[in-house]
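Geometric and topological summary
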Amino acid sequence: ESGYMKGCNNIQFFNITSQLWIKDRSLKIPPGVAQTHHGVAFDKASRHLYIVSGQIGGGCSSSTTMSVRINIDTGSIDYLPPLPDGRYAPGAVVFRNPIDPSDIRLHVFGGAHVLRNQTARNHWRLVIKKESDLKALQWEEMEPVPDSGIHGQAFYHNGLIYHTAFCDMDAGVFGNEDMWKCQKYLYKEKLQLLHHTVDA
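In what follows, the accompanying structure is described. Here the structure is a predicted model, which means the values were calculated and not measured. (Residues numbered from 1 in each chain as written. Predicted model: local features only at pLDDT ≥ 70, side-chain atom pairs only at ≥ 80, totals over all residues. Heavy atoms only, no water.)

**Observations regarding the overall build of the chain**
As a reminder of what qualifies: For helices the rule is a DSSP run of H or I covering at least 4 residues; for strands it is a run of E covering at least 2, with both sets numbered from the N terminus onward. Buried means the residue's accessible area, taken with a 1.4 Å probe over protein chains only, is under 20% of the maximum for its type, while exposed means over 50%, and partly exposed covers the values in between. The contact definition used throughout considers only heavy atoms, calling two residues in contact when any of these lie within 4.5 Å. Accessible surface is estimated by sampling points in the Shrake-Rupley manner with a 1.4 Å probe; for residues, cover comes only from the protein chains shown.
Each helix and strand in the chain was counted, giving one helix and 13 strands. A buried classification covers 46% of the 200 residues belonging to the chain. In the chain, the proportion of contacts linking residues at least 24 apart, taken out of those at least 6 apart, comes to 51%. In the structure as shown, the chain presents an accessible area of about 10800 Å², 53% of it carried by carbon and sulfur atoms.

**Some remarks on unusual backbone geometry**
Backbone geometry at Gln 19 places phi at a positive 60°, although glycine is not the residue there. One can find Gln 19 in the loop between strand 1 (10-15) and strand 2 (20-28). In this structure, Ser 53 is a non-glycine residue whose phi angle is positive, near 50°. Along the chain, the position of Ser 53 falls in the loop between strand 4 (48-52) and strand 5 (67-71).

**Some remarks on the sheet that holds strand 5**
Threshold: One requirement defines pairing of two strands: DSSP has to find at least two bridges between them. Angles here are taken between N-to-C directions and fall from 0 to 180 degrees, while the axes themselves are lines fitted to C-alpha atoms, restricted in helices to the stretch in contact.
The strand order 3-4-5-6 describes an open sheet built from four strands, whose pairing is antiparallel. Two strands bound the open sheet, and with one partner strand each, they are strand 3 (39-43) and strand 6 (77-80). Averaged over all adjacent pairs, the angle separating strand axes in this sheet is 20°, with direction ignored.

**So, the packing of aromatic side chains**
How two aromatic rings sit relative to each other is set out by the distance from centre to centre and by the angle between their planes. The criterion, for reference: Within 6.5 Å between ring centres, the rings of Phe, Tyr and Trp (the latter by its six-membered ring) count as paired, and their orientation is classed by plane angle as stacked under 30 degrees, edge-to-face over 60, tilted in between. A ring is considered to have a charge above it if a Lys NZ or an Arg CZ atom is located within 6 Å of its centre and within 35 degrees of its normal.
On inspection of all chains with the given rule, the structure shows two aromatic pairs. For the ring pair Phe 14 and Trp 21, a centre distance of 5.1 Å and an interplane angle of 65° mean the geometry is edge-to-face. On the basis of relative accessibility, which here comes to 55%, the residue Trp 21 falls in the exposed class. The side chain of Arg 25 reaches across the aromatic face of Phe 13, ending 4.0 Å from its centre.

**Quick notes on the side chain of Gln 55**
Among the secondary structure elements, Gln 55 is positioned in the loop between strand 4 and strand 5. Since its relative accessible area comes to 1%, Gln 55 is described here as buried. Apart from the residues within four sequence positions on either side, Gln 55 is in contact with Ala 34, Gln 35, Thr 36, His 37, Ser 61, Ser 62, Ser 63, Tyr 88 and Arg 116.

Everything listed here is a matter of coordinates, which is why it stays silent on function.
Rendered as structure tokens:
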């Protein structure tokens, strides 16, 4: 409904069992939070959806550092500390410590730098305790990933985080008056599988 040149503020729900969209259920993305190309992770135990960095607006707009978590059952919103630097289509995944389930770690890595046309290899981690004051937390700089990309997915399995990357760069940021350049830009594609051990 929003088209390529405009962002969408709706979070919609799909019922996997019925294979139908739930028409009477949706949430709004909070103001200032990315509408596209964000890092997204879901914690099933707490029902929290994490939205990290990404792009506000359509076309080839720049990225934001704002990050939030949303309880998909209640709609409550918690603002996380801003990411140290804006990222376009980063990977994001939640690790919940099996020994101490109140110990939650949000990992964010890869994506593209703020101007979109250069791949980032940064790996940041946010340690979240049940009693944590979220605004007082700080992102930790972890060892960079050996290679990275954008438009990928991340998942956790048996102590490892896996990241699949689709391409290594995208169109650079263009002002609104030059958005036609964004639509004509051709970018280099690649497919790869990267993994590293989670530092729990």
